[in-house]
Amino acid sequence: MMSNLARKLQQEQQQQTVQAPAKAPARRSSILTPGEKILMFVFGAMVCFGATFMVSKQAAIYEVNKEIQIIEGNIQEQQKINSDLEVQISELSTYERIKQVTEKLGLTLNEDNVKGVEN
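Since the structure is predicted, the reported quantities are computational estimates derived from the model, not experimental observations.

A. Here's a closer look at the overall build of the protein. A tally of regular secondary structure across the protein gives three helices and zero strands. Here the protein holds 119 residues, and 0% of them are scored as buried. In the form shown here, the protein has an accessible surface area of approximately 12200 Å², with 61% of it arising from carbon and sulfur atoms.

B. A look at the UniProt feature "transmembrane region" (unreviewed entry) in the protein. When the UniProt feature table is mapped onto this chain numbering, "transmembrane region" (unreviewed entry) sits at residues 38-56. Helix makes up 100% of residues 38-56 and strand makes up 0%, while its end C-alpha atoms are separated by 27 Å.

C. Expanded view of the confidence of the model for the protein. A residue-level look at the protein finds 87% of positions with pLDDT of 70 or above and a mean pLDDT of 85. Considering each helix and strand of the protein separately, the mean pLDDT is smallest for helix H1 (residues 2-19), with a value of 71, and largest for helix H2 (residues 34-92), with 97.

D. Structural detail: helix H3 (residues 95-104). The buried fraction of H3 amounts to zero of the 10 residues, a small share that puts the element mostly on the outside. Backbone geometry just downstream of H3 places Gly106 in the positive-phi region, at approximately 85°.

E. Fine view of the environment of Ser93. With respect to the helices, strands and loops of the structure, Ser93 is situated in the loop between H2 and H3. With relative accessibility at 44%, the residue Ser93 sits in the partly exposed group. A distance of 2.8 Å separates a polar atom in the side chain of Ser93 from the backbone oxygen of Ile89.

F. Summary view of a nonpolar patch on the surface. On the surface, Ile38, Phe41, Val42 and Met46 cluster together into a nonpolar patch covering about 460 Å² of accessible area. Along the chain, Ile38 turns up in helix H2. For Ile38, a relative accessible area of 55% puts it in the exposed group.

Procedures and definitions
- Residues numbered from 1 in each chain as written.
- Predicted model: local features only at pLDDT ≥ 70, side-chain atom pairs only at ≥ 80, totals over all residues.
- Heavy atoms only, no water.
- Helix = DSSP H or I, 4+ residues; strand = E, 2+ residues; numbered from the N terminus.
- Buried < 20%, exposed > 50% of the residue type's maximum accessible area, 1.4 Å probe, protein only.
- Areas by Shrake-Rupley, 256 points an atom, 1.4 Å probe, with all protein chains shown as cover.
- UniProt positions renumbered as here; feature names shortened; annotations may be inferred.
- pLDDT = per-residue confidence, 0-100.
- Polar contact = N/O pair within 3.5 Å; in protein donor to acceptor, adjacent residues only side chain to side chain.
- Patch = residues over 30% accessible without salt bridge, like charges linked within 9 Å, V, L, I, M, F, W, Y side chains within 5 Å.
- Salt bridge = Lys/Arg side-chain N within 4 Å of Asp/Glu carboxyl O.

What follows is the structure, encoded as C-alpha cells:
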C-alpha cells in the first residue's frame, strides 16, 4: 500500500507540473529602458550641438584668416608704394638737381651763407 500511495503522490506532482504550463519570461517590448532612451537623446543632442558649434567656429576662423590675407596684401602694396616714393625722394634731392632748379629760378649760391646739415 505504501508503494501505491507513493505512486499516487508522484502522479499528482506530475499532473500539477503538466497542468501549470511554464510561463515564458515576460518579454520587454523595447530593448532600452525609458531612462536609457532619455540619456541617448541627450547625448545625441549634445553631439549635434557640439558639431554645429565647431562648424560655426571654423567658419568664423576662415573669415578672419581671409581678412588677414587681404590686409597683408594691402600692407605689401603700400610698402611697395613707399619704397618707390623713397627712390623718387632720393632722386629729387640730389645736389645737382637742386642746383639746376635754383639756377632756373634765378637764385645764386653765396658760399658764406651755406651751412652743412647732417641727416
